[in-house]
Amino acid sequence: MQQVFSTPKCMKENFRFTYCPGCDHGVATRLVAELIDELMHAAMSGPSACNKQPWEFYVIKNEELLVKLRRSSRFTNMEAQLAIIVCGNLDKALPDSMKDYWIQDCSAATNNILLRVTDLGLGAVWCGIYPQERAAERVKEILNLSVGLEKQSGFTSLFNQEINYLQDDNTR
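Residues numbered from 1 in each chain as written. Predicted model: local features only at pLDDT ≥ 70, side-chain atom pairs only at ≥ 80, totals over all residues. Heavy atoms only, no water.

Moving on to the overall build of the protein. From N to C terminus, the protein includes five helices and four strands. Ordered by position from N to C terminus, the α and β elements of the protein give α-α-β-α-β-α-β-α-β. Taken over 172 residues, the protein has a buried fraction of 42%. A total of about 10,400 Å² of accessible surface is found on the protein, and carbon and sulfur atoms cover 50% of it. (Helix = DSSP H or I, 4+ residues; strand = E, 2+ residues; numbered from the N terminus. Buried < 20%, exposed > 50% of the residue type's maximum accessible area, 1.4 Å probe, protein only. Areas by Shrake-Rupley, 256 points an atom, 1.4 Å probe, with all protein chains shown as cover.)

Printed below as a string of structure tokens:
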């Protein structure tokens, strides 16, 4: 079987405590940046109807926004260090009677995020938003979304779940 994903580069290399010359960005900052890249790659690797890819992703790390998002619905009260909002871009969706395929497309993207999170040894939860209209409006307002991005299939909240960052491929 062909391996689709592998351990992020920074988890394989010899660690340095800083990686930016002239500043103090530590390995944690580097891990978060590479983790986000990995998750976005996974999300966009999924299928979409007629390859329309009617999704937009918002990665939220701001604590104030995370608190507001937690309060957006009764199903979203999850404490996390990061949230990924998956929105359906209706301007990119299929036309007319097939426009609602954005729901399956965004769901596939969200599921791929969850699979990759698990593969990395992290934890996540899918907080459903759509079809809760009030919750969707709250998220739209919190993120100041444009008119074409009216729908959110939900968001993924990430939290650490006993991970050893120095672990190599052979010990998983």
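Bringing the nonpolar core into the picture now. Residues L39, M40, F57, I84, V86 and I113 are the most contacted members of the largest nonpolar core, which totals 18 residues. Elements with a minimum of two residues in this core: α2 (27-44), β1 (55-60), β2 (82-88) and α4 (102-119). In terms of nonpolar packing, the next biggest core, distinct from the first, is built from 12 residues, A83, I85, A136 and V139 among them. (Core = buried A, V, L, I, M, F, W, Y, C linked by side-chain atoms within 4.5 Å.)

So, on to the environment of V139. As for its position among the elements, V139 is in helix α5 (residues 133-143). Judged by its relative accessible area of 0%, V139 falls in the buried class. In this structure the C-alpha to C-alpha distance between V139 and I129, which are 10 residues apart in sequence, comes to 8.5 Å.

Take I60: it is sitting in strand β1. Measuring from C-alpha to C-alpha, the distance between I60 and I85 comes to 7.7 Å, with 25 residues separating the pair along the chain. Beyond its immediate sequence surroundings of up to four residues, I60 is in contact with L65, L66, L69, Q81, L82, A83, I85 and L143. (Contact = heavy atoms within 4.5 Å.)

Before going further, it helps to examine helix α3 (residues 63-70). Taken together, the buried positions of α3 are occupied by L66, L69 and R70. Summarising the axial view, the buried residues of α3 lie within an arc of 100°, below the 170-degree limit, and thus occupy one face. Residue N62 occupies the N-cap position of α3, its side-chain oxygen lying 2.9 Å from the main-chain nitrogen of E64. (Arc of directions from axis to C-beta. Polar contact = N/O pair within 3.5 Å; in protein donor to acceptor, adjacent residues only side chain to side chain.)

Taking 1.5 Å as the rise per residue, α4 with 18 residues should run 26 Å; its terminal C-alpha atoms sit 26 Å apart, in good agreement. Three or more residues of α4 are buried, namely W102, D105, C106, A108, A109, T110, N112, I113, L114, R116 and V117. Phi turns positive one or two residues past the end of α4, at G121, with a value near 85°. (Expected span 1.5 Å × (residues − 1).)

Here the focus is unusual backbone geometry. Cis rather than trans, the peptide bond between Y130 and P131 has omega equal to 15°. With respect to the helices, strands and loops of the structure, P131 is situated in the loop between β3 (123-128) and α5. Even without being glycine, C50 reaches a positive phi, approximately 55°. Positionally, C50 belongs in the loop between α2 and β1. On the accessibility criterion, C50 (63% relative accessible area) is exposed. A positive phi angle, near 50°, is found at D96, a position not held by glycine.

On to the pattern of salt bridges, then. Under the definition given, this model contains four salt bridges. Linking E64 and K68 is a salt bridge whose minimum nitrogen-to-oxygen distance equals 3.6 Å. Pair noted here: E64 and K68 are both in helix α3, with a separation of four residues, about one helical turn. Among the residues examined, K68 registers a relative accessible area of 39% and is labelled partly exposed. A network of salt bridges, in which partner residues are shared, links E38, R116 and D119. (Salt bridge = Lys/Arg side-chain N within 4 Å of Asp/Glu carboxyl O.)

Moving on, we get to the packing of aromatic side chains. Under the criterion given, the structure shown has two aromatic pairs. Between W55 and F57, the aromatic rings sit 6.1 Å apart at their centres with planes inclined by 45°, giving tilted as the arrangement. Given a relative accessible area of 4%, W55 falls into the buried group. F57 sits in the buried class, given a relative accessible area of 18%. (Phe/Tyr/Trp six-rings, centres within 6.5 Å; stacked < 30°, edge-to-face > 60°.)

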